Amino acid sequence: PQQLALVRRMLLRLVNPDGTRRSRSSDQVLSGLGAEAEPLLERLTDARLLTVRKGGDASAESKSLELAHDSLVSAWQRLRRWMEESRDDVAFLAEVEAAAGLWKQRGRRPEEVWRGAELQDALRRRERYAGPLPDLVRDFLAEGERRERRAAWRVRGLLAAVFVVLAGFAGLMFTQKRESDRQRDQARTARAE
C-alpha cells in the first residue's frame, strides 16, 4: 500500500489537470517523496509505462519523464480513477508549481511569492492536499508565509507606533489642559483677593 501511494503520487505528477500527459524531470517527479520512490520509478520505466529522455544539457543528470502513451490516461482504469479522485490536487499542484517555477527562474526574489488572498487560498488547499508537496512548492509557500508574517509584524509595529504617538499627544493635551485649568483657577483666586 505504501508503494502504491508513492506510485499514485508520481503518476499524478505526470498528468495535466485537463487529463493529458505532461513531461517532467525525474527531479520534479521524485521531489519530496523520499528515497523509496526512486526504485519504484525505475520499475515503472522498466515496465514501459513511462518514457525517459536524457536532458538536452550534457551536464544534466536529470531525465525527462512522461507517460508512455496518451491512451494510458484514458484506458488505464486505476490511473483514471486516481485522476478523478485527485482532480483538485492535480490542479492545485499544477498551478502552484507554475508559480514556484517562475519564482525560481527569477532568482527566488521574496517579492515574487504569492501574498494575501492568493497565498491564503493556496495554504488552505495545501492542508487538503494528499501527500507531500515537491520541495520547490514547499519552499515557495514557506517564503510566502514568511513574507506575510513580516508584513504583519510591520503593520503591528506601525500600529503600536501610532498608538504611542497618539497616547503621547493625548498626554500632552491632558497636561496642557490641567495647566490651563490651574492658571485659570489662580487668576480667579487673584481677582477674588
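Reference entry: report on the structure contained in this document. Per chain, residue numbering runs from 1 following the sequence as it is written. With pLDDT at 70 or above as the cut-off, local features in this predicted model cover only qualifying residues; side-chain atom pairs require 80 or more to be listed or tallied, and sums for whole chains, interfaces and linings still use all residues. Remark: hydrogens and water are excluded; side-chain values derive from all non-hydrogen atoms of the structure.

All right, on to the overall build of the protein then. Regarding its fold elements, the protein presents eight helices and three strands. Traced from its N-terminal end to its C-terminal end, the protein shows the element sequence α-β-α-α-β-β-α-α-α-α-α. Using C-alpha atoms as the atom set, the radius of gyration is obtained and then compared with a globule rule of 2.2 Å times the number of residues to the power 0.38. Relative to its length of 193 residues, the protein is extended, with a C-alpha radius of gyration of 30 Å against a globular reference of 16 Å. Each of the three principal axes of the protein carries a C-alpha extent, and together these read 110 × 40 × 25 Å. Of all 193 residues assigned to the protein, the portion counted as buried reaches 28%. Considering only contacts within the protein whose residues lie at least 6 apart along the sequence, 65% involve residues at least 24 apart. Helix and strand definitions here come from DSSP, where helices need a minimum of 4 consecutive H or I residues and strands a minimum of 2 consecutive E residues; each element is numbered from the N-terminal end. Each residue is placed in one exposure class: buried if its accessible area under a 1.4 Å probe, protein chains only, is under 20% of its type's maximum, exposed if it is over 50%, and partly exposed if it falls in between. Contact definition: two residues touch when any of their heavy atoms are within 4.5 Å.

Quick look at a nonpolar patch on the surface now. Side chains of Leu 158, Val 162 and Leu 166 sit close together on the surface and give an oily, nonpolar patch of about 290 Å² of accessible area. Here Val 162 is to be found in helix α8 (residues 135-192). Like-charged residues within 9 Å of one another, or nonpolar side chains (Val, Leu, Ile, Met, Phe, Trp, Tyr) within 5 Å, are grouped into patches, provided each residue has over 30% relative accessible area and no salt bridge. All accessibility values rest on the Shrake-Rupley procedure with a 1.4 Å probe; residue burial counts only the protein chains present in the view. The salt bridge criterion pairs a side-chain nitrogen of Lys or Arg with a carboxyl oxygen of Asp or Glu, the two atoms within 4 Å.

On to the layout of surface pockets, then. Buriedness of a pocket was judged along seven lines, with at least five required to meet protein on both sides within 12 Å; pockets are open sets of points on a 1 Å grid over the protein atoms alone, cavities are sets where a 1.4 Å probe fits but cannot get out, and lining residues have an atom within 4 Å of a point. Grid points are joined across faces, edges and corners, and a volume is the space filled by probe spheres set on the points. One number sums up the size of the largest pocket: a volume of about 290 Å³. Taken together, the elements giving at least two residues each to the lining of the largest pocket come down to β1 (24-25), α2 (26-30), α6 (87-105) and α8. Gly is placed with the polar residues, together with every amino acid not listed as nonpolar (Ala, Val, Leu, Ile, Met, Phe, Trp, Tyr, Cys and Pro) or charged (Asp, Glu, Lys and Arg). By residue class, the composition of the lining of the largest pocket is four nonpolar, four polar and eight charged.

Nonpolar cores were defined as sets of buried Ala, Val, Leu, Ile, Met, Phe, Trp, Tyr and Cys residues, with membership established by side-chain atoms within 4.5 Å. With 23 residues, the main nonpolar core has Val 7, Met 10, Leu 11, Leu 41, Leu 50 and Leu 67 as its most contacted residues. At the level of secondary structure, the elements contributing two or more residues to this core comprise α1 (2-12), α2, α3 (37-46), β3 (63-67), α4 (71-75) and α5 (77-85). No other element matches α1, which puts five residues into this core. For Met 10, the residues in contact, after removing those within four places along its chain, are Val 29, Leu 30, Leu 33, Ala 37, Leu 40, Leu 41 and Leu 44. Counting residues in hydrophobic clusters, the runner-up holds 16 residues, among them Leu 93, Leu 119, Tyr 129 and Val 137.

Okay, empty space enclosed by the protein next. On inspection of all chains with the given rule, the structure shows one cavity of 30 Å³ or more. Taken as a whole, the largest cavity encloses approximately 30 Å³ of empty space. Taken together, Val 15, Asn 16, Pro 17, Met 83, Arg 87 and Val 90 form the lining of the largest cavity. Its residues assigned to classes, the lining of the largest cavity comprises four nonpolar, one polar and one charged.

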